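# Breakdown of the fold
Chain by chain, the residues:
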Amino acid sequence: MFEAPASPYLVPFDGNFRIDEASTVPITDGHHHSGVHRKAATDHLKQLQRVLAAGDRHAVLLVFQAMDAAGKDSTIRAVMQGVDPSGCQVYSFKKPSSQELDHDFLWRTARCLPERGRIGIFNRSHYEEVLVVRVHPQILASQKLPGEVNLETIWDDRLKSIREQEEHLARNGTVILKFFLNVSRDEQKRRFLARLDHPERNWKFEPRDVVERRHWDDYMFAYQEALNATSRPWAPWYAIPADDKRYMRARVADIVIATLKGIGLRYPEPTDDDLERFAEARRELEA
Ligand code: ATP
Ligand code: MG
């Protein structure tokens, strides 16, 4: 397994994370990435991804969760910019289909897990099952669960399933990093209003998002429970301040790069047999 990079935004593994104490604005005087820094980060990630692919041992899973308008899409775009598109895949998880509801709640994301050598990105994820569903437990009625649903235990049961699945994946070579993009309620309001104000952003405005906003406190509680139950050394959560988008993207990029550097990726070394075969191939090519 790997060492979660240190960060003031790392969610502790002991269950003591308090969401109302997690800052939505930068708490380090850490920099934005300047143009030069951004370019360096992009090049670095590109390089690391090539070695990840060549080594073909680890898979990397990046999970993004957030309230609406926190900037999931633009962060994913910014961080993965320049990475070989064939080396990474982005999946966005919306309301489950009827086929997906015919399976257990981890099935649909499990099918999208990255293979060795690749970076998989989840834009929303299996965590929706303990977030939106917890805030709106009536959704459970459509999930075809057997027997009576016990609302006292179901969330802890689900969180346990998630924790165990992630530990299993980590033991088998998947490096998991999870980002909660932590936007404030005021900043969300500003961004929604901007979507209404600017015709070219109107398409992003979703009246339902304003309704969802009424449940802010319930969401914060659900996030706090989920992050406490599942931030572990093998699958850490980072609660990244999201009110400043450039700062947020820079911090996510830094953590992804530090993680990949930390797992000791290397190009595979040719064996003696390989070297013999290379020599043979060279003789044939040169003949
Ligand atoms: P954007 O608005 O930026 O396009 P989005 O991720 O908000 O991206 P939407 O289509 O607006 O996408 O919303 C997807 C909705 O699906 C969210 O409200 C989310 O909570 C919901 N959703 C995701 N997974 C589940 C799930 N397992 N059960 C019920 N609802 C879910
Ligand atoms: Mg949306």
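Report follows, based on the coordinates. The model shown is predicted, which means the values in this text are computed figures rather than measured ones. Counting restarts for each chain, with residues numbered from 1 along the sequence as it is written. Each chain gets a letter, beginning with A, and each ligand a number, beginning with 1, in the order they are written. Where local features are concerned, this predicted model is filtered to residues with pLDDT of at least 70; where side-chain atom pairs are given and counted, the filter is 80 or more; whole-chain, interface and lining totals use all residues.

### What about the overall build of the protein?
- The helix and strand tally for the protein stands at eleven helices and five strands.
- Atoms counted for the radius of gyration: C-alpha only. Globule rule: 2.2 Å times residue count to the power 0.38. Over its C-alpha atoms the protein spans a radius of gyration of 21 Å, differing by no more than 12% from the 19 Å that the globule rule assigns to 287 residues.
- In the protein, buried positions account for 31% of the 287 residues.
- Note on contacts: each residue gets a C-beta atom placed from the backbone, and two residues are in contact if those atoms are within 7 Å. For the protein, contacts bridging at least 24 residues in sequence account for 83% of all contacts bridging at least 6. Each helix corresponds to a stretch of at least 4 residues labelled H or I by DSSP, and each strand to a stretch of at least 2 residues labelled E; elements are numbered beginning at the N terminus. Residues are called buried when their C-beta atom has 20 or more other C-beta atoms within 10 Å, exposed when it has 12 or fewer, and partly exposed otherwise; all C-beta atoms are positioned from the backbone.

### Here's the deal with the packing of helix H6 (residues 154-171) against helix H9 (residues 216-230)
- With axes taken as lines fitted to C-alpha atoms, and helix axes fitted only over the stretch in contact, angles between N-to-C directions fall between 0 and 180 degrees. Where H6 meets H9, the closest approach of the two axes is 9 Å, and the angle between their N-to-C directions is 40 degrees. It follows from the interaxial angle that H6 and H9 lie oblique. In terms of crossing hand, the pair formed by H6 and H9 is right-handed. Along the contact surface, H6 presents Trp155, Leu159, Ile162, Arg163 and Glu166, while H9 presents Glu225, Ala226, Ala229 and Thr230.
- A per-class count over the contact of H6 with H9 returns five nonpolar, one polar and three charged. The cut-offs work like this: below 35 degrees is roughly parallel, past 145 is roughly antiparallel, 65 to 115 is roughly perpendicular, and the gaps in between are oblique. Should the near helix be turned anticlockwise from the far one by less than a right angle, the crossing is left-handed, and should it be turned clockwise, the crossing is right-handed. Only Asp, Glu, Lys and Arg are considered charged, only Ala, Val, Leu, Ile, Met, Phe, Trp, Tyr, Cys and Pro nonpolar, and every remaining residue, Gly among them, polar.

### Remarks on the sheet that holds strand E2 (residues 88-92)
- Strands pair, by our definition, only if DSSP identifies at least two bridges between them. On the basis of which strands lie adjacent, the open sheet formed by five strands has the order E2-E3-E1-E4-E5 and parallel pairing. At either margin of the open sheet sits one strand with a lone partner, and together these are E2 and strand E5 (237-241). Within the sheet, the average angular offset between the axes of one strand and its neighbour, ignoring direction, is 20 degrees.
- In the sheet, E2 pairs with strand E3 (residues 119-123) via five bridges, with the strands oriented parallel. Within E3, the position partnered with Ser92 by the bridge is Asn123.
- In the packing of helix H2 (residues 72-80) onto the sheet, contacts are made with strand E1 (59-66), E2, E3 and strand E4 (174-182), and the angle to E3 comes to roughly 165 degrees.

### Digging into the environment of Arg163
- With respect to the element layout, Arg163 can be found in helix H6.
- Arg163 gets classed as partly exposed once you count the C-beta atoms within 10 Å, which come to 16.
- Separated by 71 residues in the primary sequence, Arg163 and Trp234 place their C-alpha atoms 9.7 Å from one another.
- With sequence-adjacent residues up to four places away left out, Arg163 is seen in contact with Ala229, Thr230 and Arg232.

### Remarks on the site of ligand 1
- Residues in close proximity to ligand 1 total 14 residues, the closest being Phe93, Lys94, Lys95, Glu128 and Val132.
- Looking at the shell around ligand 1 residue by residue, the classes come out as five nonpolar, one polar and eight charged. Here, nearness is defined through the C-beta atom: a residue counts as near a molecule or strand if that backbone-placed atom lies within 6 Å of it.

### Topic: helix H7 (residues 185-197)
- A helix is expected to span 1.5 Å multiplied by its residue count minus one. Between its first and last C-alpha, H7 extends 18 Å over 13 residues, near the 18 Å set by a 1.5 Å rise per residue.
- Those residues of H7 not exposed but buried are Glu187, Gln188, Arg191 and Phe192. Looking down the long axis of H7, one finds its buried residues gathered within 140 degrees of arc, a one-sided arrangement. Away from the buried face of H7 by more than 90 degrees, exposed residues Asp186, Leu193, Leu196 and Asp197 are located.
- Residues of H7 that are buried in the fold lie against helix H8 (207-213). Working definition: the arc comes from the directions between the helix axis and the C-beta atoms, pointing outward to the latter.

Keep in mind these values describe shape, not function.
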